[in-house]
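What follows is each chain in one-letter form.
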Amino acid sequence: MCILCDPGKPQFHSTSRRNFLKGTAATGLAAGAMTLFGPSAEAQGHNVNPPPHTGEPGRQYVIRNGYVMTMEPGTPGANSSFGEFIEGDVLVEGKTIKAIGRNLQGRNATAIDARGKVVMPGFIDTHHHQAWTAIRSAIPDSILINDGTGTASAEQNYFEHVLAGQTGTTGFARHYRPQDVYVSELFGGLSQLDAGVTTVLDVSQIHHSPAHSDAAIQALFDTGRRAAFGYFESAGNVAGNQYPQDATRIRNQWFFSSDQLVHMIMGGEVYLGPATLSQSWTIGRQLGLQIAAHILSPFGIRPTLDLLAQGKGGINQNIGLGPDNLFIHMTGMSDLGWQGVRNVGAQVSIAFPIEMNMRHGMPPIVKMQKLGLEPSLSTDVETNMTADFFTQMRSAMTMQRLVINQAVLDTGDFVTFPTGTWPPFPAGLPPLLNARDVLRFATINGAKCLRLDSKTGSLKVNKEADIIILDGTDLNVFPMNNVPGAVVTMMDRTNVETVIVAGKIRKWKGELLDVDLDLLRTELAATRDFLYNATGVPQNPFPAK
């Protein structure tokens, strides 16, 4: 039974997890996988004792006396215009938030003590390649493409070592089996769930066959968090892949209800050429799906985005931008492309650490601010950088402030400061980002980016209860003199005490529930070993470069 399918709470799966694994036994996916959802944390000897039956219809609990950040300005009864409570309660019934305020009373509701803790919406990651979990930290020094310098950054490059390379025959991606996809997706999703990321867009460029696609989707359901399944290409164009035409089967088989935790987004990479662009975008729009694409400095993408902004994209020069577009990175694009994005209301996801580290180009936060736009945040690839969201928020804030602060310093000579005169703030520059800004990027902006803001992204009555409780009494953060600032500048994943998705407690008092992590580690290590062997890459924890 899938962890989502508790008694009385069936999900809208096209098939049960057990039948899925049974049907894929010939690929090796079923071997060992049935035990991955073994004993809960409590059964493994940890005294966690979470409230029972959370998320089920009629079941109530109250989170009491926490520092509540709703991310909903103007929330009635809040201590500030930002919708924040110093000692606030959140009442949850089933999967829904029923009330937010003080001294809330429920019908036989269990009380969860949140004194000294932050209660807020879960983080939302709008771009994560979860299939690469088995090859985490494999190329930490790499840039995107080999620049011929012979350095570790060049020789570890992402294009050759993870994707297909110039010949289309290199890279880890080509060797993934369905079982490798499944365990990587599952482990990566559980890791982020443990760290307070309650929603993800999984950009899976691993669709070598329908079995690979089904493995990725099943893992997203089994993880038990909210997700958008991004149906992207088969990296390396592996023989037998059915991208993009298999989108119709996937949509009809897996995503026939709007009342489930996982939905579908169409991948439509423009660097695959006009013919594939036309086909993928047309199919996506026929199916009523958002269309996502990586848009960044390399790969000659700028002129293609310019054509799309003019409605002249694709093989027949008739494909244009729309509000259904979600663009990842947007580094190095022209004013024409940016104006097109702004005019149609397309969404933008920025992966600050990866973009700075891998030579994607300058993260375009200042450009967006000047256009009156705001991004969501994304983690991108764990081959190079952590998927931790505290890292994402801090990187966003410090990178933007570096650029603006240096522009201020560049306006004058400060040799005589402080006795001299501080020059006026330069005209045309946006203000410095603050803690509440990047919290907004990490929560409600992510929900808007994935068309989920009617369900999640903020704490609001009648929204679904995707909630995290962060411990503000821990050594690394106590005392919290500024709560938004403490979350952004002081905390890390160790402060994530409790995680709730659609009313169901998935992590409680620091323990991830309903998962046998020891067995999962064994399965993931086996996938890692297979992939290294298949690619001929030696396993060396201390490489020369």
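Rules used in this analysis
- Residues numbered from 1 in each chain as written.
- Predicted model: local features only at pLDDT ≥ 70, side-chain atom pairs only at ≥ 80, totals over all residues.
- Heavy atoms only, no water.
- Helix = DSSP H or I, 4+ residues; strand = E, 2+ residues; numbered from the N terminus.
- Buried < 20%, exposed > 50% of the residue type's maximum accessible area, 1.4 Å probe, protein only.
- Areas by Shrake-Rupley, 256 points an atom, 1.4 Å probe, with all protein chains shown as cover.
- Arc of directions from axis to C-beta.
- Contact = heavy atoms within 4.5 Å.
- Axes fitted to C-alpha atoms, helices over the stretch in contact; angles between N-to-C directions.
- Parallel < 35°, antiparallel > 145°, perpendicular 65-115°, else oblique.
- Left-handed = near helix turned anticlockwise from the far one by under 90°.
- Nonpolar A, V, L, I, M, F, W, Y, C, P; charged D, E, K, R; others polar.
- Phe/Tyr/Trp six-rings, centres within 6.5 Å; stacked < 30°, edge-to-face > 60°.
- Lys NZ or Arg CZ within 6 Å of the ring centre and 35° of its normal.
- pLDDT = per-residue confidence, 0-100.
- Expected span 1.5 Å × (residues − 1).
- Salt bridge = Lys/Arg side-chain N within 4 Å of Asp/Glu carboxyl O.
- Pairing = 2+ DSSP bridges.
- Right-handed = clockwise from strand over helix to strand, strands pointing away.
- Patch = residues over 30% accessible without salt bridge, like charges linked within 9 Å, V, L, I, M, F, W, Y side chains within 5 Å.
- Polar contact = N/O pair within 3.5 Å; in protein donor to acceptor, adjacent residues only side chain to side chain.

Thoughts on the overall build of the chain
Helices and strands together make up the secondary structure of the chain, namely 16 helices and 17 strands. Taken over 545 residues, the chain has a buried fraction of 57%. As displayed, the chain has an accessible area near 21,100 Å², and 54% of this comes from carbon and sulfur atoms.

Here we look at helix α6 (residues 247-254)
Where α6 is concerned, the buried positions are Ala247, Ile250 and Trp254. Buried residues of α6, viewed axially, fall in a sector of 65°; they line one side. Looking at the buried positions of α6, the neighbouring elements they touch are α5 (210-223), β8 (226-231), β9 (262-267) and α7 (274-286).

Observations concerning the packing of helix α4 (residues 178-194) against helix α16 (residues 517-535)
With their axes 10 Å apart at the nearest point, α4 and α16 run at an angle of 130° to one another. Taken together, the axes of α4 and α16 are oblique relative to one another. As α4 packs across α16, the resulting crossing turns out to be left-handed. Between α4 and α16, the contacting residues are Gln179, Asp180, Val183, Ser184, Leu186, Phe187 and Leu190 on the first element and Leu520, Arg521, Glu523, Leu524, Thr527, Phe530 and Leu531 on the second. A per-class count over the contact of α4 with α16 returns 8 nonpolar, 3 polar and 3 charged.

Regarding the packing of aromatic side chains
Under the counting rule described, the total for this entry stands at 11 aromatic pairs. Counting every residue linked through ring pairs, the aromatic cluster contains Phe221, Phe229, Tyr231, Tyr243, Trp254 and Phe255. Positioned above the aromatic ring of phenylalanine 530 is the side chain of arginine 177, whose terminal nitrogen or guanidinium carbon lies 3.5 Å from the ring centre. When the ring centre of tryptophan 508 is taken as reference, the NZ or CZ atom of lysine 509 above it lies at 4.9 Å.

A look at the confidence of the model for the chain
When pLDDT is low, close inspection of the predicted coordinates is not appropriate. Mean pLDDT for the chain: 90, with 90% of residues reaching 70 or above. Between residues 1-35, whose pLDDT stays under 50, and residues either more than four places distant or in other chains, the model counts 75 contacts.

Description of α7
Over its 13 residues, α7 runs 18 Å from end to end, which matches the ideal 18 Å to within 8%, given 1.5 Å per residue. Within α7, the full set of buried residues consists of Leu277, Ser278, Ser280, Trp281, Ile283 and Gly284.

Regarding the pattern of salt bridges
Summed over the entire model, instances satisfying the criterion amount to 23 salt bridges. We note a salt bridge from arginine 107 to glutamate 93, for which the minimum N-O separation is 3.9 Å. With a gap of 14 residues between them, arginine 107 in the loop between β3 (96-101) and β4 (110-113) and glutamate 93 in strand β2 (residues 84-93) connect regions that are remote in the sequence. Ionic pairing is found between lysine 117 and glutamate 497, a salt bridge with its closest N-O pair at 2.5 Å. Of this pair, lysine 117 sits in strand β5 (residues 117-121) while glutamate 497 is found in strand β15 (residues 496-501), placing the two residues 380 residues apart along the sequence. Take lysine 117 and glutamate 497: they sit in the same class, and that class is buried.

Some thoughts on the pairing of strand β11 (residues 325-329)
Residues in a regular strand project their side chains so that they alternate between the two faces of the sheet. In terms of residue burial, β11 counts as a mostly covered element, since 5 of its 5 residues are buried. Judged from the 5 bridges that link them, strand β10 (residues 291-295) and β11 form a sheet pairing that is parallel. Residue pairing across strands places alanine 292 opposite leucine 326, the latter belonging to β11. Handedness of the crossover joining β10 and β11 through helix α8 (residues 302-309): right-handed. Pairing analysis gives 3 bridges linking β11 to strand β12 (residues 347-350), with the strands arranged parallel. Along β12, the bridge assignment pairs isoleucine 328 with serine 349.

Observations regarding a nonpolar patch on the surface
Among the surface-exposed residues, Tyr271, Leu272 and Phe299 lie close enough to one another that they form a single nonpolar patch of about 240 Å² accessible area. Its place among the elements puts tyrosine 271 in the loop between β9 and α7. A residue is classified by how much of its surface remains accessible, and tyrosine 271, at 30% relative accessible area, is partly exposed.

Some thoughts on the packing of helix α12 (residues 389-409) against helix α13 (residues 435-442)
In contact at an axis separation of 9 Å, α12 and α13 are set at 130° when each is read in the N-to-C sense. Classed by the angle they form, the pair α12 and α13 counts as oblique. Considering how the two elements wind past one another, α12 and α13 form a crossing that is right-handed. Across the interface between the two elements, Phe389, Met393, Ala396 and Met397 of α12 pack against Ala435, Val438, Leu439 and Ala442 of α13. In the contact of α12 with α13, the residues fall into 8 nonpolar, no polar and no charged.

Some details on the side chain of glutamine 156
The residue glutamine 156 is located in the loop between α2 (152-155) and α3 (158-161) in this model. Assessed through its relative accessible area of 10%, glutamine 156 is described here as buried. Among the polar contacts made by the side chain of glutamine 156, one reaches the main-chain amide nitrogen of aspartate 141 at a distance of 3.0 Å.

What about the environment of valine 200?
Mapped onto the elements of the fold, valine 200 is located in strand β7 (residues 197-204). For valine 200, a relative accessible area of 0% translates into the label buried. Note: C-alpha distance between valine 200 and glutamine 130 (70 residues apart in sequence) is 9.5 Å. Aside from chain neighbours lying at most four places away, what touches valine 200 is Asp125, His128, Gln130, Gln192, Arg225, Arg226, Ala227, Ala228 and Leu450.

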